[in-house]
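# An overview of the molecular structure
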Amino acid sequence: MSGSTLTWIKTILEDKATGDLKRAYEEVLRTRGKISNIMRAQSLNPNVLRSHLELYVTLFFGKSGLSRAEREMIAVTLSAGNRCNYCVAHHGEALSFYLKDRDQLEVFKQGQQPMDLPQRTKSLIDYALRLTLDPGGVVMEDLEALRRMGISDSEILDLVLLTAYMNFVTRVAQGLGVQYDEQEARGYKP
């Protein structure tokens, strides 16, 4: 099989999973409440699937000076900048739990920043975009500017890791042609 309706490569669904893959899917269900197509896309390598899940949960739900809302704003903006509709849909859904203004959510989904965004959040997003679009152009002064905004080194580390993760997952989604629909993008544990 050269592809599936979920991805451009073979994908093993839950009802056919055995051994390590079955255990990996069970872990995803416990952690997220349902299995996304980005996780299914990695079904041929259950160890990577588990590592991916652990990294995702740590970066988005773990202890951090970055709020959950900030993390999702960054994720949606980077996803839009990378033209990854899959990631925009999934992280847009997550961001909707934190933004009650639908217009603001749509602005983020277009890769823009709302006008009334706090300067701290704007600085975080601007840095993440720069690191995404021009990683070789990032200099120490970029970090100093974040520090002047009161952003700690621990928060800077989390920001860089989150940015790297979003660029990783975008390449997985786009490189494997991971599909989604509105139902697939909804219903995960917030």
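The rules behind the values
- Residues numbered from 1 in each chain as written.
- Predicted model: local features only at pLDDT ≥ 70, side-chain atom pairs only at ≥ 80, totals over all residues.
- Heavy atoms only, no water.
- Salt bridge = Lys/Arg side-chain N within 4 Å of Asp/Glu carboxyl O.
- Helix = DSSP H or I, 4+ residues; strand = E, 2+ residues; numbered from the N terminus.
- Buried < 20%, exposed > 50% of the residue type's maximum accessible area, 1.4 Å probe, protein only.
- Phe/Tyr/Trp six-rings, centres within 6.5 Å; stacked < 30°, edge-to-face > 60°.
- Polar contact = N/O pair within 3.5 Å; in protein donor to acceptor, adjacent residues only side chain to side chain.
- Expected span 1.5 Å × (residues − 1).
- Arc of directions from axis to C-beta.
- Contact = heavy atoms within 4.5 Å.

## Regarding the pattern of salt bridges
The tally for this structure, following the rule as stated, stands at 13 salt bridges. Across the salt bridge formed by R120 and E70, the nearest N and O atoms sit 2.7 Å from each other. Within this pair, whereas R120 is found in helix α7 (residues 119-133), its partner E70 is found in helix α4 (residues 68-81), the two being separated by 50 residues in sequence. The exposure class of R120 is partly exposed, given its relative accessible area of 22%. Residue E70 is classed as buried on the basis of its relative accessible area, which comes to 8%. Linking K122 and D126 is a salt bridge whose minimum nitrogen-to-oxygen distance equals 3.0 Å. A residue pair is termed a helical-turn pair when its members lie 3 or 4 positions apart in one helix, as K122 and D126 do in helix α7 at four residues. K122 sits in the partly exposed class, given a relative accessible area of 33%. Judged by its relative accessible area of 32%, D126 is partly exposed. When salt bridges with common partners are traced through the structure, they connect E70, R120 and E155 into a single cluster.

## Regarding the packing of aromatic side chains
Counted according to the given criterion, the structure contains six aromatic pairs. Judged by centre distance (5.2 Å) and plane angle (35 degrees), the ring pair of Y56 and F60 falls under tilted. Residue Y56 and its partner F60 are both found in helix α3 (residues 46-61); the two are separated by four residues, about one turn of the helix. The same class applies to Y56 and to F60, which are both buried. With centroids separated by 5.8 Å and ring planes inclined at 85 degrees, the aromatic side chains of Y86 and Y180 adopt a geometry described as edge-to-face. Within this pair, whereas Y86 is found in helix α5 (residues 85-95), its partner Y180 is found in the segment after α9 (153-175), the two being separated by 94 residues in sequence. Among the residues examined, Y86 registers a relative accessible area of 6% and is labelled buried. Exposure remark for Y180: the relative accessible area of 35% places this residue in the partly exposed category. Following the ring pairs from residue to residue traces out a cluster consisting of Y56, F60, F61, Y165 and F168.

## Let's talk about the environment of T58
One can find T58 in helix α3. Look at T58 and you get partly exposed, because its relative accessible area is 49%. On a C-alpha basis, the gap between T58 and G137 in space is 28 Å, while along the polypeptide they are 79 residues apart. A polar contact is formed between the side chain of T58 and the backbone oxygen of E54, at a distance of 2.8 Å.

## Some words on α3
Spanning 16 residues, α3 covers 22 Å between terminal C-alpha atoms, matching the ideal 22 Å at 1.5 Å per step. When we look at burial in α3, the residues that qualify are P46, L49, H52, L53, Y56, L59 and F60. Within α3, the buried residues cover an arc of 160 degrees as seen down the axis, which keeps them to one side. On its buried face, α3 sits against α1 (19-32), α2 (37-40), α4, α5 and α9.

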